[in-house]
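# Summary of the model geometry
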Amino acid sequence: TIRPVRRSYYDPSSAPGKGVVWEWENDSGSWTPYDMDVGITIQRAYEKQHPWVDLSGIGFCYIIDFATMGQINRQTQRKRRVRRRLDMVYPLVSGTLPKSQSWPTSPGAAPAPPVSACACPQCLLVMSVKATVSAAGSGTATLQPRKVPPVPPAASKAPALAPGAKASDSAAVARGSLKPLAAQGGWQQAASTPALSLSSSTASPLGAGSGKASRPGLGTLNRNHLQRLAIAQSRVLIASGVPTVPVKNLTGSSPVNPALAGITGILMSAAGLPVCLTRPPKLVLHPPPVSKSEIESIPGISHTCRKTTKKQAKKGKTPEEVLKKYLQKVRHPPDEDCSICMERLSAPSGYKGPQPAVKPDLVGKLVKCSHVFHLHCLVAMYNNGNKDGSLQCPTCKTIYGVKTGTQPPGKMEYHIIPHALPGHSDCKTIRIIYSIPPGVQGPEHPNPGKSFTARGFPRHCYLPDSEKGRKVLKLLLVAWDRRLIFAIGTSSTTGESDTVIWNEIHHKTEFGSNLTGHGYPDINYLDNVLAELAAQGITEESLAQEKD
């Protein structure tokens, strides 16, 4: 594999110019330095005394919080420690930055001493590619294509890059052993890489004659030439029937994963298979920019914004009055345990907290699911909940009444954007934007009077603008009005307490990828979220109730 290299110079006022290194703490507890460009961005914001810096502008979904010296993942809310340390200055230069140079640095540079040509297939291919590109620019050699079996026209010449594609995004292709081609009748060079016939004073790169080969000049060897030649050679091999297996750079933070991909490529190359080493997929959180004129309202749904400000009104005066609507008294309790206090139903309730105004030996049966509990236990459970006039069976989760949550005040925006989600190319996209500011917890929250944080807002979520996607949106609006989408608690990703968290209704927050599992394509997502909404008591019947 031939890859270009470069040497970078940095301004003395930048982070590397000052010897400043920014690092993040990995899972093993050791420190990993950020890429140079990321470190420069962080240091620039740090020197300007910004409280934080958002790295999404340079392709990373992280926020660096200088107050806590933490890195926060905008997608998962996971938090890692970061640190700033001083190291050796790299490399400190003064004056104008030197221009990039190719090797050799000047026409008069001494050439490398001749070396023995290796006869292995890999070296033969490398020398052939180098000689071909060098000859194309210097004119010191004549190109004589070898006779090869006919190949499809698409592979007969080096293809140009697709319009709009960047050279750096092209796949880097590694040619493996050419033994399978040798079995077809001698070494056969791809049509895009003609064999090289040098003058009598220069040895053949294939090691014929004297067995010596001088290295051709690399002044014209650049990224575009190499990539086009490599891609063309790979296509010719595919067209000739040689299997090509892609080896993707495996995801993960450990350096072992890319190493495994490389080892796999080496083993496949040794077996005579061409190997395509592709770049790892990129995280695409947001769609391309959309102007206001391109944003559309959603047919059948009034307005484009919902706000929540107050706690839902209570539906009953006392817990006893609420439970009367959902219970039947049981005079002869069954011989089983109460699943709340784990005492026998024939015995008094084992609840030891504040005593409700109900006798501890009374037993009741829920009318829908027929599960039996101590009335004492049910009243205590209701008092420890949201006290919104609803009740949820602790055994089967059947909901009685209208369940509401403890979501803090905020805003939900929704509209259509003119871009399609992966797997839903036949329709546009519904974008939902949730905005919740930090504040103080109310009496229904875990720690009343204590402040809470709201990380990662505004949060952008996406649905296909299909019939089922619009149905999900309508039910999400009901869930928002009932304060069921978010809650205040402890984040399962960062461990932070007293913060806004998702409340068991999954959303898709990746627009153009699915690297974290929160994106598209996902053929089961809409059905899964409908089931999660139903578990919160939100179904199509809820839409009729909201209209009433």
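Attention in this report is confined to the structure presented alongside it.

The rules behind each value
- Residues numbered from 1 in each chain as written.
- Predicted model: local features only at pLDDT ≥ 70, side-chain atom pairs only at ≥ 80, totals over all residues.
- Heavy atoms only, no water.
- Helix = DSSP H or I, 4+ residues; strand = E, 2+ residues; numbered from the N terminus.
- Buried < 20%, exposed > 50% of the residue type's maximum accessible area, 1.4 Å probe, protein only.
- Contact = heavy atoms within 4.5 Å.
- Areas by Shrake-Rupley, 256 points an atom, 1.4 Å probe, with all protein chains shown as cover.
- Phe/Tyr/Trp six-rings, centres within 6.5 Å; stacked < 30°, edge-to-face > 60°.
- Pairing = 2+ DSSP bridges.
- Axes fitted to C-alpha atoms, helices over the stretch in contact; angles between N-to-C directions.
- Expected span 1.5 Å × (residues − 1).

## Observations regarding the overall build of the protein
A count of helical and extended segments in the protein gives 11 helices and 26 strands. Looking at the protein as a whole, 38% of its 548 residues qualify as buried. When contacts within the protein are restricted to residue pairs at least 6 apart in sequence, those whose partners lie at least 24 apart make up 66%. Of the roughly 30,600 Å² of accessible surface on the protein, 55% is carried by carbon and sulfur atoms.

## As for the environment of Gln 355
On the secondary structure map, Gln 355 appears in the loop between strand S15 (327–329) and strand S16 (363–366). Residue classification places Gln 355 among the exposed positions, given a relative accessible area of 52%. With 21 residues separating them in the primary sequence, Gln 355 and His 376 have C-alpha atoms 8.0 Å apart.

## As for unusual backbone geometry
Glycine aside, residues mostly have negative phi angles, and peptide bonds mostly take the trans form. Omega for the bond connecting Phe 457 with Pro 458 falls within 30 degrees of zero, at 0 degrees, which places this linkage in the cis form. As for its placement among the helices and strands, Pro 458 is situated in the loop between strand S23 (451–452) and strand S24 (459–464). With an omega of 5 degrees, the peptide bond running from Tyr 520 to Pro 521 counts as cis. Within the secondary structure layout, Pro 521 lies in the loop between strand S26 (499–502) and helix H10 (525–535). Unlike most non-glycine residues, Gln 77 shows phi in positive territory, near 65 degrees. Structurally, Gln 77 can be placed in the loop between strand S5 (70–73) and strand S6 (79–86).

## Here's the deal with the environment of Ile 436
Tracing the sequence through the fold places Ile 436 in the loop between strand S21 (429–435) and strand S22 (439–440). Judged by its relative accessible area of 4%, Ile 436 is buried. Remark: the alpha-carbon pair of Ile 436 and Arg 455, spanning 19 residues in sequence, is separated by 9.0 Å. For Ile 436, the contacting residues outside a window of four places in its chain are Gln 407, Pro 408, Pro 409, Gly 410, Ala 454, Phe 457, Trp 480, Phe 486 and Val 500.

## Points about the packing of aromatic side chains
Under the criterion given, the structure shown has 11 aromatic pairs. Aromatic side chains Tyr 326 and Tyr 400 sit 5.6 Å apart centroid to centroid with 45 degrees between the ring planes, which places their arrangement in the tilted category. Taken together, the positions of Tyr 326 in the loop between helix H7 (319–324) and S15 and Tyr 400 in strand S19 (residues 399–400) put the pair 74 residues apart, joining distant regions of the chain. A relative accessible area of 1% means that Tyr 400 is categorised as buried. Ring geometry for Tyr 434 and Trp 502: centres 6.1 Å apart, planes at 80 degrees, overall edge-to-face. Within this pair, whereas Tyr 434 is found in strand S21, its partner Trp 502 is found in strand S26, the two being separated by 68 residues in sequence.

## Quick word on the pairing of S6
The pairing of strand S1 (residues 20–25) with S6 spans five bridges and is classified as antiparallel. Within S6, the position partnered with Val 20 by the bridge is Leu 86. Pairing between S5 and S6: three bridges, direction antiparallel. Bridge pairing links Ile 72 to Lys 79 in S6. A loop of five residues connects S5 with S6, the two strands running antiparallel in sequence, and Gln 77 in this loop sits at a positive phi of about 65 degrees.

## Some points on the sheet that holds S1
The strands making up a sheet associate through backbone hydrogen bonding, with each pair oriented either parallel or antiparallel. Pairing is antiparallel in the open sheet, where six strands are placed in the order S2-S1-S6-S5-S4-S3. Lying at the two open borders of the sheet, with one neighbouring strand each, are strand S2 (31–33) and strand S3 (52–54). Direction aside, the axes of adjacent strands within the sheet are offset by 30 degrees on average. Pairing analysis gives three bridges linking S1 to S2, with the strands arranged antiparallel. Following the sheet pairing, Glu 25 is matched in S2 by Trp 31.

## Observations regarding helix H2 (residues 36–47)
Helix length check: H2, at 12 residues, gives a terminal C-alpha distance of 16 Å against a target of 16 Å (1.5 Å per residue), a fit within 8%. Where H2 is buried, its residues meet helix H1 (15–18), S1, S3, strand S4 (62–65) and S6. Gln 49 sits one or two residues past H2 and shows a positive phi near 60 degrees.

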